[in-house]
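Tertiary structure, described
Residue-level listing of the chains:
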Amino acid sequence: MLIPITRPSTSSDPPLPPNLIKLGSTLLLLELQGSLVVSGVPEDGEGGGVVGEFTMNEEKPTLRIGHHMLEGKVVTLPKPLAVLRKRVVPASSQPRIPTPSEESPLQKEEDDMMLDEAAGGTSYEVVEVVRKKVVFSRRPALVVDKPAVAGGKRP
Amino acid sequence: MAQQNAYSLRLAASSEQQTYRLVELPPELLSIVESETSDLSLTIKGKQSDDAVLCSASSTYTLRAVLVSNAFLIVQPTPSNAEGGGENNTTLEIKGQVKDIIEVHKAVPKLDRLNGLMRGTEWNGEDEDMDDRSAKRRRYTYEQVSGVVQASRDELEEGLRDAHVLHVGGELRSLPPSQLSMILEAILTSMVARSFSPKHVRLAEFLDAMEDDHDLPRDVIRGVIAWYGDVSEERWRADMASLVREIGLGLLMDLRDNTMSEADFFNLWEKKVGDSFANEISMDLLEGYFLRPEPPSKTLIYFPHTALPTAPAARFADLFLARPRWRSEDLEPFLRGLPGGDGKTVRDALLVKFARRSEGENGTIWWSARANYT
């Protein structure tokens, strides 16, 4: 099985706004302690699926989610990270990079080769190489003074 | 107006969410990814049951997913619409979440699978292909093999060459040593008989000659000569030394059943190679593949370094089993295949670690096993 890694076929990724450009050219990497748990499906359209507000003041990034204010910092990655985006050409569930836990049917090793080899269709494209990340490692602080900013502006 | 520095952060619509992977890039890969070429020639290879490897054109890397307790969010700006507030209204979208980072480490290519795949694909002359039976046997194309053998293009190329694998009619066929020797001798005969100059063999003419003289198919010959020298569209610049060496190796292998002294071996080798190229013959070409006899015995021994273990301790154990003590210059060729064995400092360090040095009466330095528990 061969999974090619390519450059993006279309250069459709919009650039980051000017004052975020030092974090990357088309994407940002935010590191959160824990993870973002989302229940339900975010509604499409403006104002739907809003998580919070990301602010970049000089060197200090902050993230406000509801009444929680997270203070972050910009960290240079020890090793640059390539951000790969998975592309599946035919709409079928293709295997990703096999993890060690995957079962290994060792018998008939050579017989399954033909099948194995045909498992194409998946590829990864290198969206960007990121060198910096924004880490939010502190505990969130409660904010009560400025309500209803995070909710997105409505016309 | 001041630059906007607060951005609304939202989840991308589920239809737009994608699977992302974060891959650590070692310096060599970074330079490939950052180069201007449009074709990265990076590929993830292996069967589903394998641990995946990443191959560049020339090297192989293992991939290991490391789970991290933090979540990484991939955030991209939404494409700005022409209408609406313009640049001041940029929102950031969370396109994906990643929970592990893939570490990349340089690795040795896993070529051993190649031997298994090539078993039963031996090319034994054209006639055999007419046989009905052979049609049922499993044969592989280069593409199939390259998808399963976890090695980069260059490493696979080298592995195929070391294993003497040919491209015949779109399939990979391994060439057994006996066939190879026969073909090489045929090549030499025709080169002499039709007075081709080794430095510039006209390819089309030469392939015709081989077909006429020895009934050997063109694609087989073309594949074989590419291992010895440099083949372009119209000519072959032959590397006679390596061709002569290969014949010598074939003869050495036969020593297992058919012992002879070094002088006899040399004569036989000369006879096989023929007068025109006899001056290429030198035992140095076969360095690392034979042992000179110890005084009581007179026969040359086939002792290929490629069959020795690659771990230093095991290799030294084998070497001292074959011979209780070694002269430095005799031992050296058998240490080259060890990791780092190309450098003299590494070899010396290994010697000091695994062998004991002693000096003979006339100043020769001998190496023997470090511990002797008898």
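For the structure, check the block above.
Residues numbered from 1 in each chain as written. Chains lettered and ligands numbered in written order. Predicted model: local features only at pLDDT ≥ 70, side-chain atom pairs only at ≥ 80, totals over all residues. Heavy atoms only, no water.

Our focus in this paragraph is the overall build of chain B. Secondary structure assignment for chain B yields 13 helices and 16 strands. The C-alpha atoms of chain B give a radius of gyration of 29 Å, which is well past the 21 Å a tight globule of 374 residues would have. When its C-alpha atoms are laid out on the principal axes, chain B stretches across 95 × 60 × 45 Å. Here chain B, with 374 residues, has 46% of them falling under the buried criterion. In chain B, the share of contacts with a sequence separation of at least 24, taken over all contacts with a separation of at least 6, comes to 61%. (Helix = DSSP H or I, 4+ residues; strand = E, 2+ residues; numbered from the N terminus. Rg over C-alpha atoms; globule rule 2.2 N^0.38 Å. Buried < 20%, exposed > 50% of the residue type's maximum accessible area, 1.4 Å probe, protein only. Contact = heavy atoms within 4.5 Å.)

This paragraph deals with the environment of Leu-300 of chain B. Residues and elements named next belong to chain B. Relative to the helices and strands, Leu-300 is located in the loop between strand E12 (290–291) and strand E13 (301–302). On the accessibility criterion, Leu-300 (2% relative accessible area) is buried. In this structure, the C-alpha to C-alpha distance between Leu-300 and Val-148, residues 152 residues apart in sequence, is 40 Å. Discounting residues that sit within four places of it in the chain, Leu-300 has contacts with Leu-252, Leu-255, Met-260, Ser-261, Glu-262, Phe-265, Met-283, Phe-290, Leu-291, Arg-292 and Pro-293.

This part is about the interface of chain B and chain A. The parts lose accessible area when they come together, and the size of an interface is often stated as this lost area. Each partner contributes residues to the interface: chain B has 70 residues there, and chain A has 75 residues. Of the roughly 6,400 Å² buried between chain B and chain A, counting both surfaces, carbon and sulfur atoms make up 58%. Between Lys-79 of chain A and Glu-24 of chain B there is a salt bridge, with the nearest N and O atoms lying 3.6 Å from each other. Remark: the boundary between chain B and chain A carries 16 residue pairs in polar contact (both at pLDDT 80 or more). Secondary-structure elements contributing two or more residues to the side of chain B that touches chain A are strand E1 (6–11), strand E2 (20–24), helix H1 (27–34), strand E3 (42–45), strand E5 (60–77), strand E6 (91–107), helix H2 (112–118) and helix H4 (142–148) of chain B. With 10 residues, the single largest contributor to the side of chain B that touches chain A is E5 of chain B. (Buried area = accessible area lost by both parts, 1.4 Å probe. Salt bridge = Lys/Arg side-chain N within 4 Å of Asp/Glu carboxyl O. Polar contact = N/O pair within 3.5 Å; in protein donor to acceptor, adjacent residues only side chain to side chain.)

Within a beta sheet, neighbouring strands are joined by backbone hydrogen bonds and run either parallel or antiparallel to one another. Residues and elements named next belong to chain B. The sheet built from three strands is open, its strands ordered E9-E11-E10 with antiparallel pairing. Pairing within the sheet leaves two strands with one partner each, and these edge strands are strand E9 (201–202) and strand E10 (229–231). Sheet topology note: the E10/strand E11 (residues 235–238) ladder contains three bridges and is antiparallel. By the bridge assignment, Asp-230 is partnered in E11 with Arg-237. (Pairing = 2+ DSSP bridges.)

Considering all chains together, one arrives at two cavities of 30 Å³ or more under this definition. Residue lining of the largest cavity: 14 residues in total, with Ile-5 and Leu-84 of chain A together with Val-23, Leu-25 and Leu-54 of chain B positioned closest to the centre. Counting residues per element, the ones that place at least two in the lining of the largest cavity are strand E6 (73–88) of chain A together with H1 and E3 of chain B. Residues that form the lining of the largest cavity fall into these classes: 14 nonpolar, no polar and no charged. (1 Å grid on protein atoms, 1.4 Å probe; cavity = no way out; pocket = protein on both sides within 12 Å on 5 of 7 lines; lining within 4 Å. Points joined across faces, edges and corners; volume = space filled by probe spheres on them. Nonpolar A, V, L, I, M, F, W, Y, C, P; charged D, E, K, R; others polar.)

So, on to the pattern of salt bridges. Where side chains of opposite charge bring their charged atoms close, a pairing between them can arise. Counted by the stated rule, this structure contains 26 salt bridges over all chains. Among the ionic pairs, Arg-113 of chain B bridges to Asp-50 of chain B, the shortest N-O distance being 2.9 Å. Of the two residues, Arg-113 of chain B sits in helix H2 while Asp-50 of chain B sits in the loop between E3 and strand E4 (53–55), which places them 63 residues apart along the sequence. Asp-50 of chain B gets classed as buried once you look at its relative accessible area, which sits at 12%. The residue Arg-357 of chain B makes a salt bridge to Glu-359 of chain B at a minimum N-O spacing of 3.8 Å. We classify Arg-357 of chain B as partly exposed; its relative accessible area is 48%. One network of salt bridges, with partners in common, ties together Arg-85, Arg-87 and Glu-125 of chain A.

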